[in-house]
Amino acid sequence: MEDAIVDILHADMVLVGVSLLNQPATRDAFAHAIGTDVSITEVGMGQSTTGDAPTPLQTTVSIPRDRISITQDPSKTVIRRDYPSREHLDEDIGQLAKVAETAIRQSDWAIQTKSAHGYNMSCTFNLGLPSPAVHYIQDRLLQPKFVGQLFGATARLIFVDNDGRRLTFDVQPRPNNDLTSRLLYVALNIHFQESKMPSPDRILNSLTDLRSEITDFMTQLHKAP
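This section reports on the structure supplied with the text.

1. Considering the overall build of the protein chain
Along its length, the protein chain carries 4 helices and 10 strands. Starting at the N terminus and ending at the C terminus, the protein chain contains elements arranged as β-α-β-β-β-β-α-β-α-β-β-β-β-α. Evaluated residue by residue, the protein chain yields a buried proportion of 48% over its 225 residues. Taking the contacts inside the protein chain whose residues are at least 6 apart along the sequence as the reference set, 66% of them involve residues at least 24 apart.

Shown next, in the form of structure tokens:
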């Protein structure tokens with residue numbers, strides 16, 4: 001099934017209730033730690049209730065060399081890699097995990113409320129379908145093995161495993177407004193409802209698991225009679 005992957009569109013890690021690199025000093029320390037150029041983009045300005053200078057509503061720290069960005073707002077932080085390589089995915093995922101670990105280490109996150117963390121990946125699949133992808137999706141949702149929800153042309157299936165992970169798969173035609181397309185867009189979210197910051201090993205292992213979970217799911221979906 002891995003051979004059917006046309007593109008890996010993105011991979012990311014989301015920390016809910018954690019705002020990393022939210023101060024200029026921590027961003028400077030982060031840039032020094034990773035040893036490469038970064039760019040800073042700030043969007044919007046929040047209202048201050050204490051008379052201090054207003055702060056940005058959203059800040060993105062980008063690492064152009066690695067196509068990695070860290071976007072934070074008061075409610076969450078998203079650490080994202082765009083278009084990781086299929087051929088060198090382990091290397092690209094390893095770099096994403098290293099950046100995430102460095103951002104956590106350089107941030108004063110310990111005083112913040114930590115509620116959950118998750119990992120995401122999206123891919124394009126070419127299964128050589130004989131008919132449009134929307135028909136394939138609807139047919140698979142009719143199988144008792146796959147109980148999901150259909151939102152227009154998008155199917156959503158949710159599983160909870162023995163480790164307490166919640167896996168949410170979205171499957172739709174690519175592009176999603178092309179009802180004649182025979183390509184599939186598949187996205188996975190692995191969600192952990194935990195109150196502690198993930199360890200470096202947990203981050204790397206969870207990001208690494210994304211592709212195997214997607215390909216295992218698509219193998220089972222494609223086998224459905």
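2. Structural notes on the pattern of salt bridges
Per the stated rule, a full pass over the model turns up 13 salt bridges. A salt bridge links R86 to E87; the shortest N-O distance between them is 3.8 Å. Overlapping salt bridges bring together D161, R165, D209 and E213 as one network.

3. Considerations on the packing of aromatic side chains
Scanning the model with the defined rule gives 4 aromatic pairs in all. For the ring pair Y119 and F192, a centre distance of 6.0 Å and an interplane angle of 85° mean the geometry is edge-to-face. Of this pair, Y119 sits in strand 6 (residues 116-125) while F192 sits in strand 10 (residues 184-192), and the two are 73 residues apart along the sequence. Judged by relative accessible area, which is 6%, F192 ranks as buried. Taken together, a centroid distance of 6.0 Å and an interplanar angle of 75° make the contact between F159 and F169 edge-to-face. With a gap of 10 residues between them, F159 in strand 8 (residues 154-160) and F169 in strand 9 (residues 166-173) connect regions that are remote in the sequence. Taking relative accessible area as the criterion, F159 reaches 34% and is therefore assigned partly exposed. Feature note: the residues F159, F169 and F217 constitute an aromatic cluster, connected by ring pairs.

4. A short note on the side chain of D92
Relative to the elements of secondary structure, D92 occurs in helix 2 (residues 89-106). Note on D92: relative accessible area 10%, which makes it buried. In contact with D92, other than residues within four places in its own chain, are R81, P84 and S85.

5. Focus on the environment of A11
Looking at where A11 falls in the secondary structure, it is placed in strand 1 (residues 5-16). For the pair A11 and I68, spaced 57 residues apart in the sequence, the C-alpha separation amounts to 9.6 Å. Those residues in contact with A11, other than ones at most four positions away along the chain, are I79, R80, R81, P84, I93, L96, N120 and M121.

6. A closer look at the environment of Q72
Examined against the element boundaries, Q72 turns out to sit in strand 4 (residues 68-73). In this structure Q72 comes out as buried when scored by relative accessible area, which is 7%. Separated by 52 residues in sequence, Q72 and L20 place their C-alpha atoms 6.4 Å apart. With residues near it in sequence (within four places) discarded, Q72 still touches S19, L20, L21, N22, L57, Q58, T59 and T77. Among the polar contacts made by the side chain of Q72, one reaches the side chain of S19 at a distance of 2.3 Å.

7. Here we look at the packing of helix 1 (residues 24-34) against helix 2
Two elements in contact, helix 1 and helix 2, have axes whose closest approach is 9 Å; the angle formed by their N-to-C orientations is 140°. Relative to helix 2, the element helix 1 lies oblique. When the axes of helix 1 and helix 2 are compared, the crossing they make is right-handed. Judged by residue contacts, T26, A29, F30, A33 and I34 of helix 1 engage V99, T102, A103 and Q106 from helix 2.

Conventions adopted
- Residues numbered from 1 in each chain as written.
- Predicted model: local features only at pLDDT ≥ 70, side-chain atom pairs only at ≥ 80, totals over all residues.
- Heavy atoms only, no water.
- Helix = DSSP H or I, 4+ residues; strand = E, 2+ residues; numbered from the N terminus.
- Buried < 20%, exposed > 50% of the residue type's maximum accessible area, 1.4 Å probe, protein only.
- Contact = heavy atoms within 4.5 Å.
- Salt bridge = Lys/Arg side-chain N within 4 Å of Asp/Glu carboxyl O.
- Phe/Tyr/Trp six-rings, centres within 6.5 Å; stacked < 30°, edge-to-face > 60°.
- Polar contact = N/O pair within 3.5 Å; in protein donor to acceptor, adjacent residues only side chain to side chain.
- Axes fitted to C-alpha atoms, helices over the stretch in contact; angles between N-to-C directions.
- Parallel < 35°, antiparallel > 145°, perpendicular 65-115°, else oblique.
- Left-handed = near helix turned anticlockwise from the far one by under 90°.

From the geometry alone we can't say anything about function, so treat these as descriptive.
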